[in-house]
Amino acid sequence: MPTPSLPRRLADSWESGSLLDPVRPVRDVSAAGGLVIAGGDAIHVLRPGTVRPGWHELPPDTGLRLVAVEPWAPFRYAFASRGHLQVFTGGSPDEELFDATFTSPEAEPTHMAWSRHEGESMLYMRARSGALTRLRPEKQVVEDIDVPPMAAIASDSSGTMALLCLVPGEEEVWVSTATGFETRPLSDIPGDDPDDPIHVYLAVSGGAVAYSVNGAGTFVSWAPDEELEFCDDLMWGPIAFHGDDALFCAYSVETTAAINRRTRRGDVTRIVEIESEWAPDAELTITALAWDESRRTLWGASPQVGWILAKEPVAKGQKGLLVN
């Protein structure tokens, strides 16, 4: 398939760059309500209406893996590190609300998502074992959820939640509704290679849901009555919806990383391309994406490039090409 190209016209180009100077490693990013949290060897916080982030240093052995911003007031945020989960107020200054320790590596989360049930806001966590739990911050309680092992979870700004199941015979995506869950069968069943364990990225926006799996590709369904279709013009990697009608997907090949945007109509454009001058054996990766509606900006996380931003085109912009 032909490689998507960067826009030819300046007016169509996404203004891109790195927010941290000097660059620091970032492994995950989450955005909601104008609050953006990026995590790596520190917690970086960009508050609503601001352009410069603050940060909290973390101990060297923290091993931060995940961050998740609550998509509605009071906009709390959680971060998971090696053996640890913490939840903060999201205000200024931040105050710690919850602190817990995981009993084993298998209990540590690989995915986190905020959702609401009967008006109560909860943080859902998918463990490395596939088990699903939820934290009820007001009650300081963590509960087990009686569902099959899940490969990934995600939620959107309204609280719609998606879960992806790979249990043999039950390979499907669950999407929450006002009365429960509706399911969509997977069109391709990824295999698990012990030498290359699968990692599933999942995204949901209203009725649209998408997943991406290393080695299998990216798949999207734009509405409950539509099948999950293979996006043959995308690779695989972190994904995020741009509203309900477009999907971002990032992928990396050796010393090059890129972010492509695919519309519901099937048009694909490369919005960011990052090239590294490192030696060929130094891999360049993008590990997470998050769309920030308030700033019309896509945020990305990279352990090598740091906190990436790509701003939606306006009259004045610049070519979406970075050289590190």
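Overview of the structure. On a predicted model such as this, the values are computed, not experimentally measured, just so you know.

With that settled, consider the packing of aromatic side chains. Per the counting criterion, the structure on display carries 10 aromatic pairs. Look at Trp 222 and Phe 241: their rings are 5.9 Å apart centre to centre, the planes differ by 75°, and that puts the pair in the edge-to-face class. One end of the pair, Trp 222, is in the loop between β20 (217-221) and β21 (229-230); the other, Phe 241, is in strand β22 (residues 239-241), and 19 residues separate them in sequence. In terms of burial, Trp 222 and Phe 241 fall into one category: buried. The ring of Trp 72 has Arg 116 sitting right over it, with the charged end atom 4.0 Å from the ring centre.

As defined by bridge partners, strand β24 (residues 256-263) adjoins strand β25 (residues 268-275) across 7 bridges and the pair is classed as antiparallel. Along β25, the bridge assignment pairs Ala 258 with Glu 273. The antiparallel hairpin formed by β24 and β25 contains 4 residues in its connecting segment, where Gly 266 sits at a positive phi of about 105°.

This paragraph deals with the nonpolar core. Counting residues in each nonpolar core, the largest one holds 17 residues, and the members touching the most others are Phe 248, Ile 259, Ile 271, Ile 274, Ile 286, Leu 289 and Leu 298. Per-element tally for this core: the top contributor is β25, with 3 residues. Discounting chain neighbours no more than four positions away, the residues touching Ile 286 are Pro 238, Ala 250, Ser 252, Ala 257, Ala 258, Ile 259, Ile 274, Ala 301, Ser 302 and Ile 308. Leu 164, Val 175, Phe 219 and Leu 228 belong to the second-largest nonpolar core, a separate cluster that totals 16 residues.

By the criterion of burial, strand β15 (residues 161-165) is predominantly enclosed, with 5 of the 5 residues buried. Sheet topology note: the strand β14 (residues 150-155)/β15 ladder contains 5 bridges and is antiparallel. Bridge assignment links Met 150 to a residue of β15, and that residue is Cys 165. Hairpin connection between β14 and β15: a loop of 5 residues separates the two successive antiparallel strands, and Gly 159 in this loop has a positive phi of roughly 100°. Where β15 meets strand β16 (residues 172-177), 4 bridges bridge the pair, whose relative direction is antiparallel. The residue of β16 that forms the bridge with Cys 165 is Glu 172. In textbook terms, the turn of a hairpin is the stretch between consecutive antiparallel strands, and for β15 and β16 this stretch comprises 6 residues, one of which, Gly 169, has a positive phi near 90°.

Definitions and cut-offs
Residues numbered from 1 in each chain as written. Predicted model: local features only at pLDDT ≥ 70, side-chain atom pairs only at ≥ 80, totals over all residues. Heavy atoms only, no water. Phe/Tyr/Trp six-rings, centres within 6.5 Å; stacked < 30°, edge-to-face > 60°. Helix = DSSP H or I, 4+ residues; strand = E, 2+ residues; numbered from the N terminus. Buried < 20%, exposed > 50% of the residue type's maximum accessible area, 1.4 Å probe, protein only. Lys NZ or Arg CZ within 6 Å of the ring centre and 35° of its normal. Pairing = 2+ DSSP bridges. Core = buried A, V, L, I, M, F, W, Y, C linked by side-chain atoms within 4.5 Å. Contact = heavy atoms within 4.5 Å.

Bear in mind that shape data such as this cannot, by itself, settle questions of function.
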